Amino acid sequence: MQSTVVRVIGEAVKPLGFQRHGHSWYRVTSNLYAVINVQKSRWDESCYVNIAFSPASQAENSWLPESKCQVRFRLDSLKSVTPEGLLLLGADSGRGVTEVEFRSSLAEKIGAPVALFMSGITGLGDLKDALGSAVPERVFVHREMRSLLDSTG
């Protein structure tokens, strides 16, 4: 499940300049680092999609794990991802459908919304706007990053 989700997200975000690192996809722009991490549940075969950002200067050799980023949230915080889409990340979601059907559903309901969201965020100002509109709740923003976003026009 996890590897399928990683591949589907990669197909969606690689054209946006993202590179793969393990179970993550990351991109560094002039002032912003972005990463999408697919995390397997400890309890079953389900997985979580974590999205995170930090100032680009914090990414050593262009890499910073999602857990070290200053803005972090899970996919379920994005307005554009439906509850039906989130069910695809559950442990039993691939049962009763072919691999092709499952991948197609993942691409439509998870990959496309993630790519659309990430395509609009290339700098701190974009991130600030997105946090105010597309990600309304359950977002961790480190104090240092909050100050940086507040000073962004």
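Relevant structure appears above.
Because the structure is predicted, anything quoted here is derived from the model rather than measured.

Just checking my understanding: could you explain the packing of aromatic side chains for this structure?
Any aromatic ring pair is given by two values, namely how distant the centres are and how the planes are angled relative to each other. Evaluation of the coordinates by the stated rule reveals four aromatic pairs. Taking the centre distance of 6.2 Å and the plane angle of 25 degrees together, the rings of Tyr-26 and Tyr-33 count as stacked. This pair shows no difference in class: Tyr-26 is buried, exactly as Tyr-33 is. What links up through ring pairs into an aromatic cluster is the set Tyr-26, Tyr-33 and Trp-63.

Teacher, can you tell me more about the packing of helix H1 (residues 2-13) against helix H3 (residues 99-119) here?
Relative orientation and spacing of two packed helices are given, respectively, by the angle between their axes and the distance between those axes. Remark: H1 packs on H3, axes separated minimally by 9 Å, with the N-to-C direction vectors making an angle of 50 degrees. The orientation of H1 relative to H3 falls into the category oblique. Relative to H3, H1 is oriented so that their crossing is right-handed. On the side of H1, the interface is formed by Thr-4, Val-5, Arg-7, Val-8, Ile-9, Glu-11, Ala-12 and Val-13, while H3 contributes Glu-99, Phe-102, Arg-103, Leu-106, Ala-107, Ile-110, Gly-111, Val-114 and Ala-115. Residues of the contact of H1 with H3, tallied by class, amount to 11 nonpolar, two polar and four charged.

Would you mind showing me how to read unusual backbone geometry here?
Trans is the common state for peptide bonds, and a negative phi is the common state for residues other than glycine. The backbone phi angle of Asn-61 is positive, close to 50 degrees, even though this residue is not glycine. Inspection of the secondary structure assignment puts Asn-61 in the loop between strand E4 (47-55) and strand E5 (71-74). The phi dihedral of Ser-62 falls on the positive side, at around 70 degrees, and the residue is not glycine. Residue placement: Ser-62 occurs in the loop between E4 and E5. The exposure class of Ser-62 is partly exposed, given its relative accessible area of 35%.

Would you take a moment to explain the pairing of strand E3 (residues 32-40) for this structure?
A regular strand places its side chains on the two faces of the sheet in alternate fashion. Within E3, seven of the nine residues are buried, leaving the element largely enclosed by the surrounding structure. In this structure, strand E2 (residues 24-28) lies alongside E3, joined through five bridges in antiparallel fashion. When the sheet's bridge partners are listed, Val-28 is paired in E3 with Tyr-33. In this structure, the hairpin formed by E2 and E3 is closed by a connection of three residues. For E3 and E4, the ladder comprises nine bridges, and the chain directions are antiparallel.

Conventions we followed
Residues numbered from 1 in each chain as written. Predicted model: local features only at pLDDT ≥ 70, side-chain atom pairs only at ≥ 80, totals over all residues. Heavy atoms only, no water. Phe/Tyr/Trp six-rings, centres within 6.5 Å; stacked < 30°, edge-to-face > 60°. Buried < 20%, exposed > 50% of the residue type's maximum accessible area, 1.4 Å probe, protein only. Axes fitted to C-alpha atoms, helices over the stretch in contact; angles between N-to-C directions. Helix = DSSP H or I, 4+ residues; strand = E, 2+ residues; numbered from the N terminus. Parallel < 35°, antiparallel > 145°, perpendicular 65-115°, else oblique. Left-handed = near helix turned anticlockwise from the far one by under 90°. Contact = heavy atoms within 4.5 Å. Nonpolar A, V, L, I, M, F, W, Y, C, P; charged D, E, K, R; others polar. Pairing = 2+ DSSP bridges.

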